[in-house]
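# Descriptive analysis of the structure
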Amino acid sequence: LLLVSWKRWHQGRAKWHVIIVVLGDVGRSPRMQYHALSFAKSGFSVTLLGFCNSRPYDELLQNNRIQIVSLTELQKLPVGPYIFQYGVKVIFQSVHLLWKLMCREPAAYIFLQNPPGLPAIAVCWFVGCLCGSKLVIDWHNYGYSIMGLVHGPSHCLVLLAKWYEKLCGRLSHLNLCVTNSMREDLAENWGIKAVTVYDKPASFFKETPLDLQHQLFMKLGCTYSAFKARSERLDPATERSAFTERDAQSGVVTYLRGRPALLISSTSWT
C-alpha cells in the first residue's frame, strides 16, 4: 500500500513515460523497437522490458530516452509433466514481471506485445490499476492459436489460453493490430475495438549498395546453387552471381540482363 501511495504521488511525472513490455526477445521484436523509437522521438521517456537474448538496434541502444530492462527467462524444467512445468513458468513470470514493473517509475501507458500474453496481460492490467497507467495491447497474433499448433486446438491448455486471452484482452484501454483482417476478427469474435497500424521499415533502413549485394550473392552462391551464375564466365577473373557481375578490370558491379527475379518474404521469428 505504501508503494502504491508513493507511485500515485509521483503520477505527475508519469505523463511523458511509457513502459513497453515484450515477454520475448527484444532483439527479435522489431515492431516493438520501432514503437520505442517513435515514443522517444515524440518526447517520451521509454522503459523497454524484455529478454535480452540478441542485440537490439544500435539506434535503440544509443538513445538516451530509452532504457532497456532485462527480464529473466526461466528455462524449461527437466522434471515433471508438461502442465506442471508450464504452470511453474507462468507463476515465475507473473511474480518476476510484477516486481520489475512495480520497481519502475510510474508510466502513463503500459504498452504490451501480444503474443505472448499469458501471464503478461493480467499482470500489466493489475499494475496499471495500482499505478494509474493505461494498458495498450499491440496484437500481432493470438497466443492460443500458436499454442494450438503444438498441442492441437482442443487441448485443455489451448482452451484455457483462449479463454484467458479473450477475457483479459478486453481489459485494455487501447488496442493496435497488424492487419485489417485481425481488426475485424477482434471486433466480431472478441468484442475488442482495435486500430490497424501496418508495419513499416524504420528510417535507418536503406537500399543496399550494389557492391554489397554482389558480395552477399557470391557468399550465398557457395552454399545455395540458386545464387550461382547461370552461364560460364568469359573472363576467369570476372566475378558473377545469378544476379550481378563485377568487371575484372574496373571492379564495377552491374546487374546481369535476364537475371531471375528475387522475392524476399518477411516472416516473424516464430
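The structure displayed is predicted, hence computed values, not measured ones.

Before going further, it helps to spend a moment on the packing of helix 4 (residues 82-102) against helix 5 (residues 120-131). Where helix 4 meets helix 5, the closest approach of the two axes is 10 Å, and the angle between their N-to-C directions is 30 degrees. Crossing geometry of helix 4 relative to helix 5 is assigned as right-handed. Of helix 5, the residues touching helix 4 (which contributes Ser94, Leu97, Leu98, Leu101 and Met102) are Ala120, Val123, Cys124, Phe126, Val127, Leu130 and Cys131. Its residues assigned to classes, the contact of helix 4 with helix 5 comprises eleven nonpolar, one polar and no charged.

With that out of the way, let us pick up empty space enclosed by the protein. Unfilled space is identified by rolling a water-sized probe across the atoms. As enumerated under the stated definition, the model contains one cavity of 30 Å³ or more in all. In this structure, the largest cavity encloses a volume near 30 Å³. Lining the largest cavity are eleven residues, and of these Ile19, Leu101, Val127, Cys131 and Ser133 lie nearest its centre.

Moving on, we come to the side chain of Asn175. Checked against the element boundaries, Asn175 lands in strand 6 (residues 174-177). Within the local environment of Asn175, its side chain forms a polar contact with the side chain of Trp139, the two groups lying 2.8 Å apart. Excluding its chain neighbours within four sequence positions, the residues that come into contact with Asn175 are Ile137, Trp139, Gly169, Ile192, Lys193, Ala194 and Val195.

So, on to the nonpolar core. Counting 39 residues, the largest nonpolar core has Val21, Leu97, Leu101, Cys124, Trp139 and Leu186 as its most contacted members. A per-element tally of this core places helix 5 first, with six residues. Core analysis: the second largest hydrophobic core is formed by 17 residues, Leu37, Val46, Leu48 and Leu60 among them.

Here the focus is the layout of surface pockets. Size it by volume and the second largest pocket reaches roughly 440 Å³. Forming the walls of the second largest pocket are 20 residues, and the residues nearest its centre are Tyr34, His35, Leu37, Ser38 and Ala202. Per-element tally for the lining of the second largest pocket: the top contributor is helix 2 (residues 30-41), with eight residues. The class makeup of the residues in the lining of the second largest pocket is eleven nonpolar, four polar and five charged.

Here we have three strands laid out as an open sheet, ordered 8-9-10, and antiparallel in their pairing. Strands at the two margins of the open sheet, each flanked by one partner only, are strand 8 (239-240) and strand 10 (253-255). On top of the sheet, helix 9 (residues 210-221) reaches strand 8, strand 9 (244-246) and strand 10; it is set at about 105 degrees to strand 9, its chief contact.

Counting across every chain of the model gives six salt bridges. Salt-bridge contacts for Asp25 lead to Arg28; the nearest nitrogen and oxygen are separated by 3.9 Å. Among the charged side chains, a network of salt bridges with common partners joins Arg31, Asp138 and Asp199.

Successive side chains on a regular strand alternate, one facing one side of the sheet and the next facing the other. Where burial is concerned, most of strand 2 (residues 45-51) is hidden: six out of the seven residues are buried. Here strand 1 (residues 17-25) pairs with strand 2 via six bridges, running parallel. Looking at strand 2, one finds that Val21 is bridged to Leu49. For the handedness criterion, the β-α-β arrangement of strand 1, helix 2 and strand 2 is classed as right-handed.

Moving on, we come to the environment of Lys219. Mapped onto the secondary structure, Lys219 falls in helix 9. We classify Lys219 as exposed; its relative accessible area is 63%. Lys219 sits 22 residues away from Ser241 along the chain, and the two C-alpha atoms are 9.3 Å apart.

Turning our attention to a nonpolar patch on the surface. Judged by side-chain polarity, Trp125, Phe126 and Leu171 come together as a nonpolar surface patch covering roughly 240 Å² of accessible area. Checked against the element boundaries, Leu171 lands in the loop between helix 7 (156-169) and strand 6. Judged by relative accessible area, which is 30%, Leu171 ranks as partly exposed.

Backbone-to-backbone hydrogen bonds pair the strands of a sheet. The strands run either parallel or antiparallel. With parallel pairing, the seven strands of this open sheet are ordered in space as 3-2-1-4-5-6-7. Across the chains shown, the open sheet's two edge strands, defined by having one partner strand only, are strand 3 (66-70) and strand 7 (195-196). When strand 2 meets strand 3, the two strands line up parallel, connected through five bridges. Bridge pairing in strand 3 places Leu48 opposite Ile68.

Conventions used here
- Residues numbered from 1 in each chain as written.
- Predicted model: local features only at pLDDT ≥ 70, side-chain atom pairs only at ≥ 80, totals over all residues.
- Heavy atoms only, no water.
- Axes fitted to C-alpha atoms, helices over the stretch in contact; angles between N-to-C directions.
- Helix = DSSP H or I, 4+ residues; strand = E, 2+ residues; numbered from the N terminus.
- Left-handed = near helix turned anticlockwise from the far one by under 90°.
- Contact = heavy atoms within 4.5 Å.
- Nonpolar A, V, L, I, M, F, W, Y, C, P; charged D, E, K, R; others polar.
- 1 Å grid on protein atoms, 1.4 Å probe; cavity = no way out; pocket = protein on both sides within 12 Å on 5 of 7 lines; lining within 4 Å.
- Points joined across faces, edges and corners; volume = space filled by probe spheres on them.
- Polar contact = N/O pair within 3.5 Å; in protein donor to acceptor, adjacent residues only side chain to side chain.
- Core = buried A, V, L, I, M, F, W, Y, C linked by side-chain atoms within 4.5 Å.
- Buried < 20%, exposed > 50% of the residue type's maximum accessible area, 1.4 Å probe, protein only.
- Pairing = 2+ DSSP bridges.
- Salt bridge = Lys/Arg side-chain N within 4 Å of Asp/Glu carboxyl O.
- Right-handed = clockwise from strand over helix to strand, strands pointing away.
- Patch = residues over 30% accessible without salt bridge, like charges linked within 9 Å, V, L, I, M, F, W, Y side chains within 5 Å.
- Areas by Shrake-Rupley, 256 points an atom, 1.4 Å probe, with all protein chains shown as cover.

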